[in-house]
Amino acid sequence: MKFIDEFRDPVLATELVRRIRATAKQPWVLMEVCGGQTHSLLRHGIDVELQGAVELIHGPGCPVCVTDISAIDLAQQLASLPGVVLASFGDMLRVPGSQGSLLTARATGGDVMMVYSPVDAVRHAQSHPDQQVVFFAVGFETTAPATALAVLQAHQLGLTNFSVLVSHVRVQPAMEALMQAPDNRVEGFLAAGHVCSITGYDSYDSFAKRHRVPVIVTGFEPVDLLQGILECVTQLETGTAEVRNSYGRSVERLGNPAAQRVVDTVYEIDDRAWRGFGVIPAGGYRLREEYATFDAQRRFGLTRSAEKNDPTDTKRCRAGDVLSGRLKPCDCPEFGKACTPDSPLGAPMVSSEGACAAYFRYHRGSLT
Amino acid sequence: MCLGVPGKVVEWIDRDPVFGRALVEFGGIRRECHMACVPDAEVGDYVIVHAGIAITRVNEQEAQRTLQDFAAIAEGLSELDEFNPAETV
Amino acid sequence: MNNSMQWSRNCPIPISSDALRISLAHGEGARLSRRLISEIILPRFATATSRGFADAATVTTIGCRLAICTDSHTVSPMFFPGGDLGSLSVYGTVNDLAVAGAYPRWLTMSLIIEEGLPIVILERILDSAAHAAGECKVTIVAGDTKVVPRGAADGLFINTSGVGELMDPVPPGPESIQVGDKVLVSGPIGRHGIAVMSTRESFAFEPSPLSDSGSVIHAVASLRNSVGEHLRTIRDATRGGVSAVLHEWAMECGHTFALTESCIPVTDEVRGACELLGLDPLYVANEGTIVIAVDPLFAEIALNAVRQVPGCGQAAIIGEVQPKRITPVTIRRNFGSPQPVDEPSGAPLPRIC
Ligand code: SF4
């Protein structure tokens, strides 16, 4: 497929690995921010290829993993209300809340529908006026335009049987939180390519300056990732800390203004609780007052209970340490023992893009 | 949460600013995608699709340029060689 | 392939609200029951006598060893591009017999029908099953019908049991796999799972990816005739896909299977759908594609033999057996060192991460 296969070219990738190894005079600690990047790095074994030259820390970039437990509980409650269909992305279905996952909700009679696109949920609402369709809007800035567009469409269609449970998160505030942690080890960032397709990377300039870290906007294919890593390592070796775009084919400096307009029309920035992190200031979106009629929580009069007991054992799970790079998943005492993807102790083990789950999938063999 | 896949716009179906849709091709299949965020995309352009929505246009020239840079790298012509000339293939 | 564009994601037959439907009375053994069997079911299966299926069928064998298997079939939706529940329920059991080294001869079929199922749908499914049975030259010799209350089943479940005659040489099984053996697939992988998922979840792909649902009898026969005793084992790669089969084999033979991604055949449709949905075809189900382990000296002959079979032109050698490592299945992607292939857990879910 065009724009995929060229960027999986083995000759280029091998050469880039060689260059990175030749450039790095010391092992640098980089964080890839997006779970999609984690997935690709491990799937292609790039972390292994670079062992000794670059240590890759898997960032918080898995919105499924960081979706707060109270949001999942709400989604489950909604799914079990009579006449309500809860529509969700496939990834979200297996993530446990305090009462099991959405798949559990489905098994116990809740109406849960998997959709590929939030807009498909709007269409479903349109053709099923007898059902109340609630879309579980999770995801980063990349996904926000899609869910915002769904709300806009429902609004224009005058649908009274469509609403959204908004649990969107924003990446940059989380990066800020990571850098402020006293024992932070991250020396350079691979910024999330598709987030930047929407937001652009202008706003990283002051971040890079303030924290003196290179920020490289990076794509998802092996060659993209290696190019981003090479750029980052080169900067670190020469003592620079700048924002660079290594994903020029999909990212403009100012992002995509049309997409930003869609998001701004429907959402405003809000504080948000991240699973494993706590509340991050400006870490998410909420519906604007004009679109509050599409707020599922209001429509069904549900309140988010702040203190739910997390089934994931907070004392044993070292998620905070893993996501901030202080601990490799395999060094967590529970990893692969009490904590596996089938019975996760913590958020990073729940989705296949979570740092611990990705490690489990690709490294269990070489580690046990 | 960023599984974005490049696909080729093969046909516009609706150019409405909110409901705009086009048929986009990914390998051997096509799917209707929403185009509100890429109103200027033309037939033949590539767009990155995430969750059924085109989130950006692919800049072909940029892609070409990157690949050319890479070609130079692969041939060992890049200036980066000076870091470790001994290892040049 | 273009015909599949006509596919409507719902049932292909328009159903009016006053269509004749199955009621509980159809299952109660009285007149309606008899009519269901004698008017709807029996006429479709040439072998049944006018009095119906015997309670116990008697068959005559040529005195060889028999293979027996049973499989229950549920698929939602009942109709999907490239197949339907009826033909699937025949192919599924026929394929289980075939890969065990048997020549499939007889089937029994039992229907569990949900009250309210439109009779035209039942007829359509049965026609398709009868057609598949004819194609595989198996005889449906006994059957049973139950009707359950609405909600107790999803439309229609079909259980088929099969009896086949073992043909020499019978592949010895996964324990016989040795280091150096080659692994083949008989065609592009992942087609059934993608077809069913795209239809069930209304992903609206065009053309709708087609299932590979079909019989593997000819592929197996061709292998037997060409490389006979050099075959180690054959398996149809259903749920969990090729990865599930190789993990099972690895458990039994104690070696590691090393795949090469670029050798694995995948159609453009499945490739596109998998990229879009974030899935790996290795974990996606097949319903007419087999995985073969064979003595390396005979791998090319086996490959050519399979490729002669209609529909198997894209068969390929996808990997080889290596001495045991910690990971039971590995894959070499475009570059770098081989990566572990995970054991599938649960049905693959599309991801957007
Ligand atoms: S391995 Fe499990 S317990 Fe340990 S940090 Fe990861 S999710 Fe938490």
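Going by the structure above, here's the rest.
A short tour of the structure in this document, coming up. Note that this is a predicted model, so its numbers are computed, not measured.

### Points about the pattern of salt bridges
Part 1 of the argument: Across all of its chains, the model carries 42 salt bridges over all chains by this definition.
Part 2 of the argument: Asp202(A) is paired through a salt bridge with Arg253(A); the nearest N and O atoms lie 2.4 Å apart. With Asp202(A) in the loop between helix 10 (193-199) and helix 11 (204-211) and Arg253(A) in the loop between strand 9 (243-245) and helix 13 (257-266), this residue pair connects regions lying 51 residues apart in the sequence.
Part 3 of the argument: You can call Arg253(A) partly exposed: its relative accessible area is 36%.
Part 4 of the argument: Here Arg318(A) makes a salt bridge to Asp321(A), at a shortest N to O gap of 2.9 Å.
Part 5 of the argument: Taking relative accessible area as the criterion, Arg318(A) reaches 32% and is therefore assigned partly exposed.
Part 6 of the argument: Here Asp321(A) falls in the partly exposed class, since its relative accessible area comes to 21%.
Part 7 of the argument: Salt bridges sharing common partners tie together Asp5(A), Arg8(A), Glu221(A), Arg271(C) and Glu275(C).

### Quick notes on the interface of chain C and chain B
Part 1 of the argument: Between chain C and chain B, the residue contacts involve 18 residues of the former and 12 residues of the latter.
Part 2 of the argument: With both sides pooled, the region where chain C packs onto chain B buries about 1200 Å², and carbon together with sulfur makes up 70% of that total.
Part 3 of the argument: When residues of chain C are sorted by the area they lose upon contact with chain B, Glu206(C), Leu276(C) and Ile352(C) head the list and together hold 46% of the total.
Part 4 of the argument: Where chain C meets chain B, there are zero salt bridges.
Part 5 of the argument: Along the contact surface separating chain C from chain B lie three residue pairs in polar contact (both at pLDDT 80 or more).

### A short note on the sheet that holds strand 5 (residues 139-148) of chain C
Residues and elements named next belong to chain C.
Part 1 of the argument: Taken in spatial order, the four strands make up an open sheet running 1-6-4-5, and their pairing is mixed. Strands at the two margins of the open sheet, each flanked by one partner only, are strand 1 (66-73) and strand 5. Each strand of the sheet is rotated relative to its neighbour by a mean of 15 degrees, with strand direction disregarded.

### Comments concerning the interface of chain B and chain A
Part 1 of the argument: Facing 47 residues of chain B, the contacting portion of chain A comprises 55 residues.
Part 2 of the argument: Roughly 4200 Å² is buried in total at the junction of chain B and chain A, and carbon and sulfur atoms are behind 68% of that figure.
Part 3 of the argument: On the surface where chain B and chain A come into contact, there are three salt bridges.
Part 4 of the argument: The partner of Glu32(B) in a salt bridge is Arg123(A), and the shortest N-O contact between them spans 3.1 Å.
Part 5 of the argument: The tally of links from chain B across to chain A stands at 10 residue pairs in polar contact (both at pLDDT 80 or more).
Part 6 of the argument: Where the side of chain B that touches chain A is concerned, the elements lending two or more residues are strand 1 (5-14), strand 2 (21-26), strand 3 (29-34), strand 4 (46-50), strand 5 (53-57) and helix 1 (60-74) of chain B.
Part 7 of the argument: Examining the composition of the side of chain B that touches chain A, we find that nine residues originate from one element, helix 1 of chain B, more than from any other.

### Focus on the sheet that holds strand 5 (residues 132-139) of chain A
Residue and element names in this part refer to chain A.
Part 1 of the argument: With respect to topology, four strands assemble into an open sheet ordered 4-3-5-6, the strand pairing being parallel. Only two strands of the sheet have a single neighbouring strand rather than two, namely strand 4 (112-114) and strand 6 (162-168). Across the sheet, the mean angle from the axis of one strand to that of its neighbour is 25 degrees, orientation sign disregarded.
Part 2 of the argument: In the packing of helix 7 (residues 118-127) onto the sheet, the strands contacted are strand 3 (84-88), strand 4, strand 5 and strand 6, and the crossing angle to strand 5 comes to about 175 degrees.

Conventions adopted
Residues numbered from 1 in each chain as written. Chains lettered and ligands numbered in written order. Predicted model: local features only at pLDDT ≥ 70, side-chain atom pairs only at ≥ 80, totals over all residues. Heavy atoms only, no water. Salt bridge = Lys/Arg side-chain N within 4 Å of Asp/Glu carboxyl O. Helix = DSSP H or I, 4+ residues; strand = E, 2+ residues; numbered from the N terminus. Buried < 20%, exposed > 50% of the residue type's maximum accessible area, 1.4 Å probe, protein only. Contact = heavy atoms within 4.5 Å. Buried area = accessible area lost by both parts, 1.4 Å probe. Polar contact = N/O pair within 3.5 Å; in protein donor to acceptor, adjacent residues only side chain to side chain. Pairing = 2+ DSSP bridges. Axes fitted to C-alpha atoms, helices over the stretch in contact; angles between N-to-C directions.

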